[in-house]
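# Coordinates in review
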Amino acid sequence: MTQRFLLEGHKGKAICEKCANICSTTYRYRDVPFSDGKGLASGILVGVCDTCNTVLSIPAQSTPKIKRDRNIATQSIEAVLPAPYLDILDLACFSIDPNASTDFRKKLLLFYIHKFALGKFDVENISEPNPLFSLDHDISKRRLSMKVSKSLAEDFTKMVSVSKLSKTDFLKNVVGEIKRQVIDDRNKDVLEELRTIAYLG
Ligand SMILES: [Zn+2]
């Protein structure tokens, strides 16, 4: 059976606890808080009680928007890395696409973290501390701050724990792997995928 696609103003019926009755409802766009109180789904189509105005039903067609709002970039990954690591990252970005936006540096790192989390790249490659450079302690450092979705934050936490390294050493190793695949080996499959991402902006 094809599911009926509801529009604003369509009518329905639902049990309303507040009215203690089966009430007629009207579908309207509303902001609906998540049940755990953390944030809300904004502007989703819901069935509202015609008598007391309570939200009584959430049709399946509103699910994608709810999922998206749930996963909105609210978490952040913060690290301080020696400047040469960020230079390597910038060089990799440039070699993928000279016109890539500044935002692409973040996407490149997250692409790798996600691939590792999916098991597409071998985590063995980054599980030993393997510094690209031997650096003096007084080397310049740069702060890396990335707003990420809940699922990417989970990828990151999982991979740091799998690698048994500190957050900083893990990120240094990811940069090392990016250097190996993108700059040294010019891995064709990876470059093609990354160029598409860079192109889309
Ligand atoms: Zn009601």
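Calculation notes
Residues numbered from 1 in each chain as written. Predicted model: local features only at pLDDT ≥ 70, side-chain atom pairs only at ≥ 80, totals over all residues. Heavy atoms only, no water. Helix = DSSP H or I, 4+ residues; strand = E, 2+ residues; numbered from the N terminus. Rg over C-alpha atoms; globule rule 2.2 N^0.38 Å. Buried < 20%, exposed > 50% of the residue type's maximum accessible area, 1.4 Å probe, protein only. Contact = heavy atoms within 4.5 Å. Lys, Arg positive; Asp, Glu negative; His and termini not counted. Charge placed at Lys NZ, Arg CZ, Asp CG, Glu CD. Pairing = 2+ DSSP bridges. Axes fitted to C-alpha atoms, helices over the stretch in contact; angles between N-to-C directions. Domains from an automatic or database assignment. Donors = N, O, S within 2.8 Å, 3.2 Å for Na, K, Ca; no water. Salt bridge = Lys/Arg side-chain N within 4 Å of Asp/Glu carboxyl O. Expected span 1.5 Å × (residues − 1). Arc of directions from axis to C-beta.

A count of helical and extended segments in the protein gives six helices and six strands. Tracing the protein from N to C terminus, the helices and strands come up as β-β-β-β-α-β-α-α-β-α-α-α. Its C-alpha atoms give the protein a radius of gyration of 24 Å, clearly above 17 Å, the size a compact globule of 201 residues would have. Looking at the protein residue by residue over its 201 residues, the buried ones come to 36%. Counted over contacts in the protein with a minimum sequence separation of 6, partners at least 24 positions apart contribute 62%. The protein carries 30 positive and 25 negative side-chain charges, and their two centres are separated by 8 Å.

The sheet built from four strands is open, its strands ordered β1-β2-β3-β4 with antiparallel pairing. Here the strands that pair on one side only, and so sit at the sheet edges, are β1 (11-16) and β4 (55-57). Between one strand axis and the next, the sheet turns by 60 degrees as a mean value, whatever way the strands run. Two elements, β1 and strand β2 (residues 21-33), share six bridges in a ladder whose sense is antiparallel. Opposite Gly12, over in β2, you have Thr25 as the bridge partner.

As a further point, take unusual backbone geometry. One non-glycine residue, Ala20, lies in the positive phi region at around 50 degrees. Along the chain, Ala20 turns up in the loop between β1 and β2. A positive phi angle, close to 60 degrees, is found at Lys164, a residue other than glycine. Here Lys164 is to be found in the loop between α4 (150-163) and α5 (167-184).

Looking now at the domain arrangement of the protein. Annotation of the protein at the domain level lists domain 1 (11-70) and domain 2 (75-200). For domain 1 versus domain 2, the separation of C-alpha centres amounts to 41 Å.

On to the coordination of the zinc ion. Note on the zinc ion: its protein donors are Cys16 (SG), Cys19 (SG), Cys49 (SG) and Cys52 (SG). The metal-donor distances range over 2.2 to 2.4 Å. Expressed as a motif, the donor residue spacing for the zinc ion is C-x2-C-x29-C-x2-C.

It is worth spelling out the pattern of salt bridges at this point. As enumerated under the stated definition, the model contains ten salt bridges in all. When the shortest N-O distance is used, the salt bridge between Arg180 and Glu177 registers 2.7 Å. With Arg180 and Glu177 both in helix α5, this residue pair falls three residues apart, about one helical turn. For Arg180, a relative accessible area of 35% puts it in the partly exposed group. Using a relative accessible area of 4% as the deciding quantity, one classes Glu177 as buried. The salt bridge involving Asp184 is made with Lys179; its shortest N-O contact spans 3.1 Å. Among the residues examined, Lys179 registers a relative accessible area of 23% and is labelled partly exposed. Because the salt bridges share partners, they merge into one network encompassing Glu177, Arg180 and Asp185.

Attention now goes to the environment of Arg143. If you trace the backbone, Arg143 turns up in strand β6 (residues 141-148). As for Arg143 and Leu86, which are separated by 57 residues in sequence, their C-alpha atoms are 9.4 Å apart. With residues near it in sequence (within four places) discarded, Arg143 still touches Glu78, Ala79 and Val80.

On to α4, then. Taking 1.5 Å as the rise per residue, α4 with 14 residues should run 20 Å; its terminal C-alpha atoms sit 20 Å apart, in good agreement. Among the residues of α4, Ala153, Asp155, Phe156, Met159, Val160 and Ser163 are the ones counted as buried. An end-on view of α4 places all buried positions within 155 degrees of arc, on one side of the element. Seen from the buried face of α4, the exposed residues on the opposite side, beyond 90 degrees, are Thr157 and Ser161. Of the residues flanking the end of α4, it is Lys164, one or two places downstream, whose phi is positive at about 60 degrees.

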